[in-house]
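Understanding the architecture of this molecule
Each chain, written out:
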Amino acid sequence: MPQDAAPPTPPEDSAEALRLVVQARDAEIHMLKLLVQKLKLQVARRNRMLFGSASERFTEGGEGAQGTLLEGEVLDGHLAERAQEQATSAPVSPAANSAAADRSLPAHLPREAHTHRPETTEAHRDAAGQACGCAECGGRLREIGRDIAEQLEYVPGHFKVLRHIRPKLACVSCQRVFQAAAPSRPIARGLAGPALMAHVMVAKYCDHQPLYRQSGIYAREGVELDRSTLAGWVDKGDELIDPLVAAVRRYVLANDKIHGDDTPVKVLAPGTGKTRTGRLWVYVRDDRPAGDTAPRAAWFAYSPDRGGEHPQRHLRGFKGALQADAYGGWPRLYATGDVLEVACWAHARRPWWDLFRSTGRDPNSLAGQALQRIRALYKIEDDIRGQAPEQRKAQRQARAGPLLQQMRQWLEGLIGRVSAKSDIAQAIGYSLGRWKALTRYVEDGRLEIDNNAAERALRGVSLGRKNYLFMGSDAGGQRAAAFYSLVETAKLNGLDPEDYLRQVFERIAEHPIHRIEELLPWNIGRPLRAQPKDDRGKMAA
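What you see is a predicted model; the values in this text were computed from it and never measured.

**Quick notes on the layout of surface pockets**
Space inside the second largest pocket adds up to approximately 1700 Å³. Contributions of two or more residues to the lining of the second largest pocket are made by helix 3 (194-205), helix 4 (211-220) and helix 16 (497-507). Within the lining of the second largest pocket, the residues separate by chemical class into 24 nonpolar, 11 polar and 10 charged.

**Topic: the pattern of salt bridges**
Pairing between side chains of opposite charge can happen when the charged atoms of each approach one another. What the rule picks out here adds up to 26 salt bridges. Between Asp-262 and Arg-306 there is a salt bridge, and its shortest N-O distance comes to 2.9 Å. Of the two residues, Asp-262 is situated in strand 5 (residues 257-269) and Arg-306 in the loop between strand 7 (297-303) and helix 6 (309-314); the sequence distance between them amounts to 44 residues. Judged by its relative accessible area of 36%, Arg-306 falls in the partly exposed class. The salt bridge involving Arg-276 is made with Asp-474; its shortest N-O contact spans 2.9 Å. With a gap of 198 residues between them, Arg-276 in strand 6 (residues 274-285) and Asp-474 in helix 15 (residues 474-492) connect regions that are remote in the sequence.

**A few points about helix 4**
By the burial criterion, the buried members of helix 4 are Leu-211, Gln-214, Ser-215 and Tyr-218. For helix 4, the arc enclosing every buried residue in end-on projection is 105°, short of the 170-degree limit, so these residues lie on one face. Lining the buried residues of helix 4 we find helix 3 and helix 5 (227-253). Once helix 4 ends, the next one or two residues include Gly-222, with phi positive near 85°.

**Here's the deal with the confidence of the model for the protein**
For any part of a model where pLDDT is low, the fine detail of the predicted coordinates should not be relied upon. Overall, the predicted model of the protein reaches an average pLDDT of 85, with 85% of residues at or above 70. For the protein, the element scoring lowest by mean pLDDT is helix 2 (residues 73-89), at 44; strand 7 scores highest, at 97. Of the regions scoring below 50 in pLDDT, residues 60-83 engages in 33 contacts with residues more than four places distant in sequence or in other chains. Here residues 531-541 is modelled with pLDDT under 50, and outside its nearest four sequence neighbours on either side it reaches eight contacts, counting other chains as well.

**Section: the packing of helix 8 (residues 345-358) against helix 9 (residues 366-384)**
For the pair helix 8 and helix 9, the least separation of the axes is 8 Å and the interaxial angle reads 150°. With respect to helix 9, the element helix 8 is oriented roughly antiparallel. The way helix 8 lies across helix 9 gives a crossing that is left-handed. Where helix 8 abuts helix 9, its residues Trp-345, Ala-346, Arg-349, Trp-352, Trp-353, Leu-355 and Phe-356 lie against Leu-366, Ala-367, Gly-368, Ala-370, Leu-371, Ile-374, Leu-377 and Tyr-378. Residues that form the contact of helix 8 with helix 9 fall into these classes: 13 nonpolar, one polar and one charged.

What counts and what doesn't
- Residues numbered from 1 in each chain as written.
- Predicted model: local features only at pLDDT ≥ 70, side-chain atom pairs only at ≥ 80, totals over all residues.
- Heavy atoms only, no water.
- 1 Å grid on protein atoms, 1.4 Å probe; cavity = no way out; pocket = protein on both sides within 12 Å on 5 of 7 lines; lining within 4 Å.
- Points joined across faces, edges and corners; volume = space filled by probe spheres on them.
- Helix = DSSP H or I, 4+ residues; strand = E, 2+ residues; numbered from the N terminus.
- Nonpolar A, V, L, I, M, F, W, Y, C, P; charged D, E, K, R; others polar.
- Salt bridge = Lys/Arg side-chain N within 4 Å of Asp/Glu carboxyl O.
- Buried < 20%, exposed > 50% of the residue type's maximum accessible area, 1.4 Å probe, protein only.
- Arc of directions from axis to C-beta.
- Contact = heavy atoms within 4.5 Å.
- pLDDT = per-residue confidence, 0-100.
- Axes fitted to C-alpha atoms, helices over the stretch in contact; angles between N-to-C directions.
- Parallel < 35°, antiparallel > 145°, perpendicular 65-115°, else oblique.
- Left-handed = near helix turned anticlockwise from the far one by under 90°.

This is the structure in structure tokens:
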């Protein structure tokens, strides 16, 4: 008996199956799109690290122009108002070939006059005895004016040898012999004078010239100074400044608010022929934005790794606010109750900036809107910079407080609209997860909106990394931290690092240890020659 044929599938079941298939494919396409967007962002970050500009600044007008916090129809009016405001208030720099551009050379430079006289005959002579006869008719020439033009020239630095002569004097009556004591040297029986020691240290830790390059430069001047000799001077110099660096640390940690950060450095691993990653840490005391005129200081420390025990050791005894990034070792300090966490809006902004670049710098994208909101907060900081803490607190509470509340509501509203694994969700999570620490600056006028003070102090280390391959040992990292402490502190106070170190090496060998604070940069350093702000770094061709 033949079997009965299977009943046909009802149309509604077939449609439901097709709908499920379409939904599954749509979900897969959505996931693939998210994956493509994520990979594009990673490629964009990589390209930016390799080839892009380090600047994260919005540009006014043109591609990627900065919008405002307002949206919709109010946005255009606000932009027009801002444009008109900038047109009337922003100074316009003169072009290099403009008649208004100042082409004068600095007045403090020595002038060397070279007088160029025309051809004359011996028929007449002036009061100075110089020939002044006319080459055409033989008449007497007299000066009716002169043209003066200045040219900038460079005289290369040079070595000199100081001969310390100590005559021995004998009394003709009692036969006693007298002789002056030998002057102190930075290094006992060493050849290097204080100025040369300071020059080597500043060239290495301020101008980022490795010792082998310095050795080559000095050889061109006819002075053979082997790299090992220079390294020995650096080692002895580190021993001399050790108590001074400890004084810088005490001064920094005596404040009730500091900035902290760290950066990686390559260190040679002994016996392996490879390098490993050490860390240079910096702790900065700088309260100029809050109207404080106390000296600024930066204390550096080295560690062979990034373990959380290192900042705990560095900040032992410190009580106050620590402005820092989201490094995982800081919470151990916050858990003690002595250190108050203050987060950094520059770090909270960074993932939004990466997203903004990956979306073609669209100001209407979510990243663009987030950047506009953050920029509104920084605009308030620009307006109150240099005011007293009480005034800063009042302004922040009145102006930044409502903006922060609006931003939090906006971020919380975005959570349900984006994938939990997307980069946008990570950017939102960074801010909301640290919201209390990010907004703490509003309630305390001493605090800053970001940790840029520490990042600026580490800029010299970043530049140095591009000039040397690695540090030779952990001891080399510790020496670098010591000299960076003095060099960066001098720079923070507007002092000449080389002149300051020269004075240190002249005095420190015989200076009483209990008065070491007298050798801190702001006590003996010489200020750098100031230039007008608008003309700094500019010179007509």
